[in-house]
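Structure assessment
Residue-level listing of the chains:
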Amino acid sequence: MSQPALFEPFTLRGVTMRNRIWVAPMCQYSCFDENGIIGDWHFAHLGSFAIGGAGLVIAEATGVTPEGRITPRCPGLWNDEQMAAWKRVVDFIVSRGAVAGIQLAHAGRKGSDAPPFDYDGKSGTVQVVDGGWQSVAPSPIAYPGHDMPHELTVDEINEIVTAWADAARRAVVAGFRVIEVHAAHGYLLHEFLSPLSNERTDDYGGALENRARMLLEVTAAIRAAIGEEIALFIRFSATDWADGGWNEQETSIVADWALEHGADLADISAGGNISGVKISVGPGYQVPLAMYVKEHSHIPVTTVGLITEPTMANDIVESGKADAVMIGREMLRDPHFALRAAAELGADISYWPGQYEWARPRKS
Ligand SMILES: Cc1cc2nc3c(=O)[nH]c(=O)nc-3n(C[C@H](O)[C@H](O)[C@H](O)COP(=O)(O)O)c2cc1C
């Protein structure tokens with residue numbers, strides 16, 4: 001029996017996702033402490049998506065260095081203790097037949113932010129005396145509501161590239177089979193890509209190949225660290241939604257360059273680098289951006305943003321607008337979205353959990 005397109009497996013390198021319903025990375029601000037080590041919250045949170053039938057579960061933005069975290073409660077992968085904590089979660093995800101992925105990130109000028117809840121009521125930049133850190137960026141341009149970042153030297157850029165590769169190596173040891181580089185939402189690599197946040201006059205600023213240099217160095221370093229079997233995604237914001245900013249044309253060009261440097265897929269999101277821009281938000285509002293990149297580059301793409309209905313998700317994949325869908329908030333409302341989608345679309349899946357068999361919709 002032929003399956004709905006959403007339930008066709010998808011293979012990149014040595015990694016096969018059982019369907020095209022993938023969990024988008026979502027920060028949880030829930031490490032026990034300021035040590036970047038995940039715990040039971042992450043086990044239950046990420047594990048539930050694997051029980052719920054998702055093909056790929058991508059763990060949240062995870063700092064490649066302590067200063068690369070968004071908040072002091074965000075996770076890291078700069079040491080082996082953090083790696084061991086991730087392994088427990090990964091083992092469970094894999095035991096349920098899903099692929100485990102992790103988004104490796106550096107928050108740049110948006111780092112050292114206060115977590116949005118349970119942080120003694122503090123908000124804005126966490127100061128060094130309170131356990132925060134000096135944020136960094138391509139240029140000394142502050143993001144509104146954040147303190148002024150330190151302009152990275154070339155030596156410091158090189159150190160961060162190495163940290164990204166080291167974190168990717170640890171991710172593979174922990175069992176992750178998909179590594180996603182966070183180059184979106186106004187974090188460090190997006191800050192380099194966008195002319196609105198990068199005013200450098202050295203090899204990392206100005207022309208497109210200079211603004212893309214750090215991302216491509218990170219991509220190549222990770223590919224060298226993880227071997228040929230692991231899939232490597234790049235999450236892009238395809239537009240700053242601002243005049244003179246980063247846009248889908250440049251995204252398509254850089255996505256192809258990333259492909260040449262060892263990336264396998266472009267995860268197309270948008271925005272986050274420029275505050276206060278007007279965005280027309282509605283169901284599937286970022287799908288045209290993914291379509292644009294798919295049409296103008298050679299890399300497979302995913303789309304994300306207000307995809308909440310199984311039929312809509314299936315239409316996107318069936319019509320070739322994107323190769324898979326990433327789902328964020330709808331997964332928080334219903335971690336078993338993929339099981340629901342299978343029932344609604346009439347997909348014949350082998351991974352309905354035996355424990356939940358009595359809840360399986362019956363064909364009449
Ligand atoms: C709680 C929460 C945390 C998020 N954290 C991340 C993150 O760590 N990395 C990232 O690239 N996007 C992050 N996002 C954005 C989502 O991955 C997704 O792109 C966005 O929510 C739009 O998809 P949706 O409409 O399906 O939620 C987060 C979103 C939410 C709701």
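Look up a bit, the structure's there.
This write-up is about the structure you can find in this document.

Details of the packing of helix 2 (residues 80-95) against helix 3 (residues 154-174)
Relative orientation of the contacting elements helix 2 and helix 3 amounts to 40°, with a least axis distance of 8 Å. As judged from the angle between their axes, helix 2 and helix 3 are oblique. Helix-helix and strand crossings are classified by hand; for helix 2 and helix 3 the assignment is right-handed. Note on element contacts: helix 3 touches helix 2 through Arg170, Val173 and Ala174, opposite Asp80, Met83, Trp86, Lys87 and Val90. Residue classes in the contact of helix 2 with helix 3 are distributed as five nonpolar, no polar and three charged.

Some remarks on the packing of helix 3 against helix 6 (residues 213-226)
For the pair helix 3 and helix 6, the least separation of the axes is 8 Å and the interaxial angle reads 35°. In this structure, the crossing between helix 3 and helix 6 has a hand that is right-handed. Between helix 3 and helix 6, the contacting residues are Ile157, Asn158, Ile160, Val161, Trp164, Ala165, Ala168, Arg169 and Val172 on the first element and Met214, Glu217, Val218, Ala221, Ile222, Ala225 and Ile226 on the second. The residue makeup of the contact of helix 3 with helix 6, split by class, is 13 nonpolar, one polar and two charged.

Topic: the packing of aromatic side chains
Inspection of the entire model under this criterion finds six aromatic pairs. Both rings, one in Trp86 and one in Phe176, keep their centres 5.7 Å apart while their planes meet at 70°; by these two values the pair is edge-to-face. Of the two residues, Trp86 is situated in helix 2 and Phe176 in the loop between helix 3 and strand 8 (178-183); the sequence distance between them amounts to 90 residues. A single burial state applies to Trp86 and to Phe176, both of which are buried. On the basis of an interplanar angle of 70° and a centroid distance of 6.3 Å, the ring pair of Phe192 and Tyr204 is categorised as edge-to-face. Of this pair, Phe192 sits in helix 4 (residues 188-193) while Tyr204 is found in the loop between helix 4 and helix 5 (208-211), placing the two residues twelve residues apart along the sequence. Here Phe192 matches Tyr204 in class, with each residue buried. The rings of Phe10, Trp22 and Phe233 are connected pair by pair, giving a single aromatic cluster. Residue placement shows Arg18 over the ring face of Tyr351; its charged tip is 4.2 Å from the ring centre. Its end group placed over the ring of Phe43, Arg88 keeps NZ or CZ at 4.3 Å from the ring centre.

Remarks on helix 2
For helix 2, built from 16 residues, the straight-helix expectation of 22 Å at 1.5 Å per residue is met to within 8% by its first-to-last C-alpha distance of 22 Å. For helix 2, the set of buried residues is Gln82, Met83, Ala85, Trp86, Val89, Val90 and Ile93. Residues of helix 2 that are buried make contact with helix 1 (40-51), strand 4 (56-63), strand 5 (99-105) and helix 3. A positive phi of about 85° marks Gly97, the residue just after helix 2.

Overview of the site of the ligand
Surveying the vicinity of the ligand reveals 15 residues, the closest of which are Pro25, Cys27, Gln103, Leu306 and Arg329. Within the backbone of Cys27, one N or O atom sits 2.8 Å away from a nitrogen atom of the ligand. For the ligand, a nitrogen atom lies 2.7 Å from a polar atom in the side chain of Gln103. Here the ligand loses 82% of its free accessible area of 610 Å² to cover by the protein chains. Cavity membership is defined here by more than half of the atoms lying within 2 Å of grid points; on that basis the ligand lies in the largest pocket. Classifying every residue of the shell around the ligand gives eight nonpolar, five polar and two charged.

Quick notes on the rules
- Residues numbered from 1 in each chain as written.
- Predicted model: local features only at pLDDT ≥ 70, side-chain atom pairs only at ≥ 80, totals over all residues.
- Heavy atoms only, no water.
- Axes fitted to C-alpha atoms, helices over the stretch in contact; angles between N-to-C directions.
- Helix = DSSP H or I, 4+ residues; strand = E, 2+ residues; numbered from the N terminus.
- Parallel < 35°, antiparallel > 145°, perpendicular 65-115°, else oblique.
- Left-handed = near helix turned anticlockwise from the far one by under 90°.
- Contact = heavy atoms within 4.5 Å.
- Nonpolar A, V, L, I, M, F, W, Y, C, P; charged D, E, K, R; others polar.
- Phe/Tyr/Trp six-rings, centres within 6.5 Å; stacked < 30°, edge-to-face > 60°.
- Buried < 20%, exposed > 50% of the residue type's maximum accessible area, 1.4 Å probe, protein only.
- Lys NZ or Arg CZ within 6 Å of the ring centre and 35° of its normal.
- Expected span 1.5 Å × (residues − 1).
- Near = heavy atom within 4 Å.
- Polar contact = N/O pair within 3.5 Å; in protein donor to acceptor, adjacent residues only side chain to side chain.
- Areas by Shrake-Rupley, 256 points an atom, 1.4 Å probe, with all protein chains shown as cover.
- 1 Å grid on protein atoms, 1.4 Å probe; cavity = no way out; pocket = protein on both sides within 12 Å on 5 of 7 lines; lining within 4 Å.
- Sits in = over half its atoms within 2 Å of the grid points.

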